Amino acid sequence: MTWAEMQPLLRDACLDTLFMVWWSTVYAVIGGLPLGLLLVLTDRGALLQNAAVNKVLGAILNLGRSLPFIILIVWLIPFSRLVVGTSIGPSAAVVALAIGAIPFFARLVETAVREVDHGLVEAVQSMGGGTWTIIFKVLLPQALPSLIAGLTTTVITLIGYSAMAGAVGGGGLGNLAITYGYQRREDALMNITIVLLIVIVTVVQIAGDLAVRRLASRGGRQAAPVGLRRLLPAQRTATTTTPDQAAPEAEAVPTKAA
């Protein structure tokens, strides 16, 4: 196979892979972020403590993570056909990729949020902050570097999953490597496919690492989280007396005659 014949195949396969990874990542964040937060918030001693919800949700996520992806995608073929109208192609693979990635990312979110200093949560609570304030002003901003690191790991995992989806007609670089590289013995095409996968993973990892370092360095320069700093001025004005305010009070005290 000549390079001119390989080019359109490689281009279409790369686009299919990026399509599958992008949409499955979007669905993983939409589904995994609230589930991970709910796991933390319903834990013992947390803001929304609920042992039953926590145990049921944890069991469901463990079940989703325990299934090997190649088995999961075959098991979900009827469901994929029901959702998108077909059981082959990138669109059908997105269904299985998203379902497989949601519990994976949810556990990474749980780990990231648990790393937040509980003292910050108590400080916001003492100033009257509610659950939503704590989530959006403390937990998510403080856990953001770890969340980005977890998202990077999820994207790289999905790239590997998308290659496995090619074994059952999911399209992408995995399907190209199996169909042409393995079945038709096109070793050159197989090698190029491997190099492309390595390049994509490397670019994602470098971008994720840069984002994490930038967020971590910016967070290290902040004395308090953004949400907490916005709540502090009201407390300071209510409890602190400035020197200018104290001066008139001192002048108002009568002095004894000598």
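Read on for an overview of the structure. (Residues numbered from 1 in each chain as written. Predicted model: local features only at pLDDT ≥ 70, side-chain atom pairs only at ≥ 80, totals over all residues. Heavy atoms only, no water.)

### Some details on the overall build of the protein
Counted only if it meets this: Helix and strand assignments come from DSSP, with helices taken as H or I runs of at least 4 residues and strands as E runs of at least 2, each series counted from the N terminus. Exposure is judged per residue with a 1.4 Å probe applied to protein chains only, and the accessible area is read against the type maximum: over 50% gives exposed, under 20% gives buried, and values in between give partly exposed. Contacts are residue-level and defined by heavy atoms, with any inter-residue pair within 4.5 Å sufficient.
Of regular secondary structure, the protein possesses 11 helices and zero strands. Along the protein, from the amino end to the carboxyl end, the secondary structure elements read α-α-α-α-α-α-α-α-α-α-α. Split into buried and exposed, the 258 residues of the protein put 34% on the buried side. Sequence separation of 24 or more characterises 72% of the internal contacts of the protein that already satisfy a separation of 6 or more.

### A word on the environment of A163
Turning to its location among the elements, A163 is positioned in helix α7 (residues 131-165). Sequence spacing of A163 and T17 is 146 residues, and the spatial spacing of their C-alpha atoms is 7.9 Å.

### Some points on unusual backbone geometry
Of note in the backbone geometry, R185 takes a positive phi value of approximately 60° without being a glycine. Along the polypeptide, R185 turns up in the loop between α8 (172-182) and α9 (187-220). Overall, the relative accessible area of 63% leaves R185 in the exposed class.

### As for the side chain of E110
With respect to the helices and strands, E110 occurs in helix α5 (residues 90-114). By relative accessible area, E110 is classed as buried at 10%.

### Overview of the environment of S24
With respect to the element layout, S24 can be found in helix α1 (residues 3-41). You can call S24 buried: its relative accessible area is 0%. Considered as a pair, S24 and V95 are 71 residues apart in the sequence and their alpha carbons are 7.5 Å apart. Residues within four places of S24 in sequence aside, it is in contact with V94, L97, A98 and L158.

### Section: the packing of aromatic side chains
Let me state the cut-off plainly: Stacked, edge-to-face and tilted labels apply to pairs of Phe, Tyr and Trp rings (six-membered ring for Trp) whose centres lie within 6.5 Å, assigned for plane angles under 30 degrees, over 60, and everything in between, in that order.
Throughout the structure, instances matching the rule amount to three aromatic pairs. Relative to Y161, the ring of F69 has its centre 4.5 Å away and its plane inclined at 0°; by these criteria the two rings are stacked. Here the residue F69 occupies a position in helix α3 (residues 69-75), and Y161 occupies one in helix α7, the gap between them amounting to 92 residues. For F69, a relative accessible area of 5% corresponds to the buried category. You can call Y161 partly exposed: its relative accessible area is 21%. Their ring planes at 15° and their centres at 5.9 Å tell us that W132 and F136 sit as a pair that is stacked.

### Considering the packing of α1 against helix α2 (residues 51-66)
For clarity, the threshold we go by: Angles here are taken between N-to-C directions and fall from 0 to 180 degrees, while the axes themselves are lines fitted to C-alpha atoms, restricted in helices to the stretch in contact. An angle counts as roughly parallel when it lies under 35 degrees, as roughly antiparallel when it exceeds 145, as roughly perpendicular when it falls between 65 and 115, and as oblique in every other case. Left-handed describes a crossing whose near helix is turned anticlockwise from the far helix by less than a right angle; the clockwise case is right-handed. Lys, Arg, Asp and Glu make up the charged group, whereas Ala, Val, Leu, Ile, Met, Phe, Trp, Tyr, Cys and Pro make up the nonpolar group; the residues left over, Gly among them, are polar.
Between α1 and α2, the least distance of the axes is 9 Å, while the angle of their chain directions is 140°. Comparing the axis directions of α1 and α2 gives the class oblique. When you trace α1 past α2, the crossing you get is left-handed. Each of L35, L38 and L39 in α1 lies in contact with α2, whose residues at this interface are V53, N54, L57, G58 and L61. Taken together, the residues that form the contact of α1 with α2 break down as six nonpolar, two polar and no charged.

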